[in-house]
Every structure is written in C-alpha cells, then in structure tokens.
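Working through the structure, step by step
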Amino acid sequence: MPGFELFGDLERKEVNDVLDNGVLMRYGFDGMRKGHWKAKALESELQTTFSVNHVQLVSSGTAAVSVALASAGVGAGDEVIMPTFTFVASFEAIMMLGAIPILVDVDDTLCLNPEAVEKAITPKTKAIMVVQMCGSMGNMDALQSIATKHKLILMEDACQATGGSYKGKPLGSVGDLGCFSFDFVKTITCGEGGAVITNNENFYKNADQFSDHGHDHVGSDRGAETHPYIGYNFRISELNAAVGLAQVRRLPEFLNIQKKHFNILREALIGIPEVTFRTVPEGGVESCSFLNFFLPDLELSTKVSNAFKENGIDVCWNYYNNNWHYIRAWHHLKDMKSLFPISQEVKEGLAYLKTKDFSMSDHYIGRNISCLIKLSWTEDEVKERAQKMATIIKQVCAPKVVS
Ligand SMILES: *Cc1c(COP(=O)(O)O)cnc(C)c1O
C-alpha cells in the first residue's frame, strides 16, 4: 500500500515549485505564487480519479471523517453506526463532534454486517459509516438500501481502499460522502493529508467552508470574506498537497504493482484447504492494498502469524489483539478516558460498550490474517515470500501424526 516507498524526483519537483515562491498556504497570495496552486490542482486530479463532482482536501483522514460528518449536519447526541474493525480514527472523528459512535459487528467481508447495522438503528441514528477495510468493501447495495429506507446518511471511509471499486464506481464515491487519508502509510501520501469527496454540492460547500474557519471563499480578499457559520481549521498545506499531486499521477502505476504482488501471493495460497479468502461483494474489485484470508480458528491464525514473524514474513497481522484496529483492546474508549469532560449524553450513549456482544466480529477477526502489499518488493521477493507463506501455513495446519 504505502506510496512513501516510491518517493522521488517527481515529488521533489512539485515541492520545489512551492518552496521557490514561498507560498505555503493553499488560499490567497495570488500574485506571489506565480500560478502554483497545488491543493487546487490535487483536488482537480482527485475529481477525475474518484469520478466525483467535488473534492475537499483537508489535513488528515481523521479530519476528513469529522468534516464529512459535520458537512452533513451530524453533531451533538447523534448516533453514527460504525464497525468494530477499523482504525481508532473512526470513533475519534465521531466523538470530536459530540456525536456517539455505535459499534456493530463485521462479517466475512471484514466490513459492516448489514443485518447488524439495521438492528442498531434508533431514532437518534443519523449516519452509517462503512469502513472499506484493508482494500475491500462492505455489501454496498444492502447498506445503501438500509440507509435509504431509514433516511440516513451513508458515509464511506475509504482510507485503506484507494483504487478499489464497486459496480464500476470508485470506492468512496458510492455513498453520500467518502473520506480518504493521505498519511505516510497510505496508498498515495501527502506526508499528512486527507480528502472528503461527494456529488452533493451542499455538503461540498459546507466542507469547503467548515475546514477553513467558516470562510465563504467568495472574492479574492480573504480578510473581507464573510463567515456564514462557525468553522475550524482543517486545512492542508501547499507543501503536503504538492507531494500528493506527484503521487496521484503515479496511482495507476502503484495500483498495477499492488495487483501483481497481490495475485502472486493469492495464487500460492489458493490450494491450501485450511485457507479461505475474505468475501468480496458481487461487483466489487479490491484495491489490493492487503491480501486477507481466514484460517479455521484463532489458535491456528495466532500460530501462523507467529510463525510468519519468526521466519521473516513481516507486515502480516492477526488483528484480534491489536491495539489500534480492533475493539477488544480499545479500553480507553470503553472506559471513556478523556483529557476533558465528556458530555453526559455521550457517556450514556457509550455505556452499551461494557456489555454488547461482539462474538460475530471475534469469529471473523480472530481467524483473519491481513498481509500488507508493498510496492518496493521485487517480483522475485514476492515469489519467495509466497512460497514461504504457503509452506508455513501447511506446516502449522498439518494434523499431528501420532507415531
Ligand atoms: C489511516 C486511516 C484513517 C485516518 O487517517 P489519518 O490521515 O492518519 O488521520 C482513518 N480511517 C482508516 C480506516 C484509516 O486506515
């Protein structure tokens, strides 16, 4: 996945354009910048990449989720449905707005289980946030029809799935709003950065203003602009956008490499009876940022992932006990450890976390192994890795022969 592995002259040239004129800010300073508008140029490239009408760059993927929710009017006391398997950013971004994250089970897509989503809907629910984890996606038709039926916003966190698609649409563009991260380890990087994408003009206008102190962005004198409502600062800098501009132009190259490496690894595991692959919904095409597979039980997946580590197979994880990606270790959330007071409404809204049963998520995440696909591997390295992985899985899973 990581675009940082392939960083070079193209990125350097774009950054130097910015340094040569000294305009590090994305707005204003029209005369000084000599025609260089890196954030605007990147937004325009991303409109094409994601086939959407509007793109708003922001300072991070986490900011993108907060800005997207705020743009759709989600705030204090509203419930947002999200998966148990994701990055901590998902609930952070919801809680920033005083809203309440409602965690629900994932299924064998490793994304939201539509039935669990429907069960979790209450009169307070405002949005469903599907996280397109590890390069693939949830069952978008089912989720869309639940959202439509209950008049809810459908948001996609596609931070880990840049380049994937569902029924011909780029992931992120399927729901009402999509969010991306361009942090240092994502498919394309800005160093730090993120984006909100949408076809809804009103949501876009809100995101544009909200992420820049409420500036209406009318006219060419920033100081004279008006502020239709309260905003905050989630701006990206021109330096970060410049890196992303070079990276997005290389996205097709990155995706081709990812796919090639993914297929070599997948082919090597196909014949192993204990291995099953994650379900990709009909009409879905993975971004190939990760290869995900299941083993028969938690014990075997733990043994395999340990054996991988011991034998030099890095960047493969079983997330069951992971601190950052799965609910089991999110004690700070369950115990509501916050530097500042949390509202009574949110406290009451989060109380369910102490008792709710997530055994369906445990069933899938416990058996899963996720392997990051790197761009910098050579083809020979991938082939060797694939053989090693297959050998290790077969050895670990082989029935013990009693002599
Ligand atoms: C990386 C990531 C984010 C947050 O992105 P940052 O740019 O690091 O803030 C959010 N959601 C998911 C699923 C991610 O992988």
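Residues numbered from 1 in each chain as written. Predicted model: local features only at pLDDT ≥ 70, side-chain atom pairs only at ≥ 80, totals over all residues. Heavy atoms only, no water.

1. Let's talk about the packing of aromatic side chains
In total, this model carries 9 aromatic pairs according to the counting rule given. Of the aromatic side chains, those joined through ring pairs into one cluster are F85, W317 and Y319. A cation over an aromatic ring shows up here: R266 above the ring of F277, its NZ or CZ 4.1 Å from the ring centre. (Phe/Tyr/Trp six-rings, centres within 6.5 Å; stacked < 30°, edge-to-face > 60°. Lys NZ or Arg CZ within 6 Å of the ring centre and 35° of its normal.)

2. Observations concerning the sheet that holds strand β14 (residues 368-372)
Strands sit in the order β10-β12-β14-β13 across an open sheet of 4 strands; the sheet is antiparallel. On the outer flanks of this sheet lie β10 (276-277) and β13 (316-317), each paired with one strand and no other. Inspection of the sheet shows β10 paired to strand β12 (residues 290-294) by 2 bridges, in the antiparallel sense. Each bridged residue has a counterpart across the sheet, and for F277 the counterpart in β12 is F293. (Pairing = 2+ DSSP bridges. Helix = DSSP H or I, 4+ residues; strand = E, 2+ residues; numbered from the N terminus.)

3. Looking at the domain arrangement of the protein chain
Partitioning the protein chain into structural domains gives domain 1 (3-250) and domain 2 (253-396). Measuring from the centre of the C-alpha atoms in domain 1 to the corresponding centre in domain 2 gives 24 Å. Counting residues at the interface gives 49 residues for domain 1, matched by 48 residues for domain 2. Summed over both sides, the interface of domain 1 with domain 2 buries roughly 3,900 Å², with 63% coming from carbon and sulfur. Our enumeration of links across domain 1 and domain 2 arrives at 2 salt bridges. At the junction of domain 1 with domain 2, the criterion picks out 23 residue pairs in polar contact (both at pLDDT 80 or more). Put simply, the parts of the chain that give the side of domain 1 that touches domain 2 at least two residues each are α4 (89-95), β3 (100-104) and β6 (165-166). At 5 residues, β3 tops the list of elements feeding residues into the side of domain 1 that touches domain 2. Residues belonging to the side of domain 1 that touches domain 2 are distributed by class as follows: 23 nonpolar, 19 polar and 7 charged. (Domains from an automatic or database assignment. Contact = heavy atoms within 4.5 Å. Buried area = accessible area lost by both parts, 1.4 Å probe. Salt bridge = Lys/Arg side-chain N within 4 Å of Asp/Glu carboxyl O. Polar contact = N/O pair within 3.5 Å; in protein donor to acceptor, adjacent residues only side chain to side chain. Nonpolar A, V, L, I, M, F, W, Y, C, P; charged D, E, K, R; others polar.)

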